[in-house]
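# Geometric and topological summary
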Amino acid sequence: CERFVQEFPGGAEVETTVLFADVRGSTRLAERMSPGEFSRLINRFYNAATRVLFNSHAMVEKLIGDAATAFYTAGHAGPDHPRVAVEAARQILQATGHGSPDGPWISIGIGVHTGVAYIGAVSTDIGAADVVVMGDTPNIGARLAGLAGPGEIYVSETTALKAGINPAGAEIRQHALKGRNEPVQVWVLSLTLSSRPA
């Protein structure tokens, strides 16, 4: 990938659905575990999340700290990528044990948002290169993930409408997002709340 973006710099503004999955309470987990135990737990989360993301035709942007981030476009996931991303979020909760009788083996909160973003290559003069998703869309997705509690999926209203989510199967909340003047309407899903299309 690095060689490709070095050879073909640039990018484009495209509609995308971003998904941010964050571990809840990771600081407390790290405090109670040895560094090796904590790294194995986070690696297990990375494996569970990326398996779902790859199978749903997401592009995994990065695995960093206690989070996995990915994006969906029509070219990879099809024109109904908002619905695909929401379903992938639910599968990540299932893969981490949310909804099971024993409870999750790691607590996850997820944010999903759809909008136009810049997707393309960035590089430095010394040759380091990467593919990134930039703009307001990923910023909103990250903020939503930060607000989501354990076992919750915060879906922006834009994504919810494009995904055809039944409003009867969601708890709808308004939240102020850092850096934004107007509150956003968020549809909160979990494994106990239906998200079937209307």
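A brief report on the enclosed structure follows. Since we're looking at a predicted model, the values are computed, not measured.

On to the packing of aromatic side chains, then. Per the stated rule, a full pass over the model turns up 1 aromatic pair. Pairing Phe45 with Tyr46 gives two aromatic rings, centres 6.0 Å apart and planes at 40°, and the pair type is tilted. When sorted by exposure, Phe45 lands in the same class as Tyr46, which is buried. In this structure, Arg44 packs its charged tip against the face of Trp105, placed 3.8 Å from the ring centre.

Inspection of every chain in the model, using the stated rule, returns 5 salt bridges. A salt bridge links Arg24 to Asp22, with the nearest nitrogen and oxygen atoms 3.7 Å apart. The pair formed by Arg24 and Asp22 is uniform in burial state, with each residue classed as buried. With a closest N to O distance of 2.7 Å, Arg83 and Asp80 form a salt bridge. Since its relative accessible area comes to 37%, Arg83 is described here as partly exposed. Taking the relative accessible area as the measure of exposure, Asp80 reaches 33% and is therefore partly exposed.

Now for the nonpolar core. Proteins that are soluble and globular tend to have nonpolar side chains buried together. Counting residues in hydrophobic clusters, the biggest one holds 35 residues, and the most contacted among them are Leu19, Phe45, Tyr72, Ile110, Val112 and Val155. At the level of elements, β1 (11-23), α3 (35-55), β3 (67-72), α5 (81-95), β4 (108-123), β6 (153-156), α7 (157-163) and β8 (184-189) are the ones that each hand at least two residues to this core. In this structure Val112 touches Thr17, Val18, Leu19, Ala85, Val86, Ala89, Leu144, Ile153, Tyr154, Val155, Ser156 and Thr159, once residues within four positions along its chain are discounted. Judged by nonpolar contacts, the second largest core, of 8 residues, contains Ile140, Leu144, Val186 and Val188.

Another aspect to go through is α3. Between its first and last C-alpha, α3 extends 30 Å over 21 residues, near the 30 Å set by a 1.5 Å rise per residue. Within α3, burial applies to Leu41, Ile42, Phe45, Tyr46, Ala48, Ala49, Thr50, Val52 and Leu53. Following α3 by one or two positions, His57 has its phi on the positive side, about 65°.

Definitions and limits used
- Residues numbered from 1 in each chain as written.
- Predicted model: local features only at pLDDT ≥ 70, side-chain atom pairs only at ≥ 80, totals over all residues.
- Heavy atoms only, no water.
- Phe/Tyr/Trp six-rings, centres within 6.5 Å; stacked < 30°, edge-to-face > 60°.
- Buried < 20%, exposed > 50% of the residue type's maximum accessible area, 1.4 Å probe, protein only.
- Lys NZ or Arg CZ within 6 Å of the ring centre and 35° of its normal.
- Salt bridge = Lys/Arg side-chain N within 4 Å of Asp/Glu carboxyl O.
- Core = buried A, V, L, I, M, F, W, Y, C linked by side-chain atoms within 4.5 Å.
- Helix = DSSP H or I, 4+ residues; strand = E, 2+ residues; numbered from the N terminus.
- Contact = heavy atoms within 4.5 Å.
- Expected span 1.5 Å × (residues − 1).

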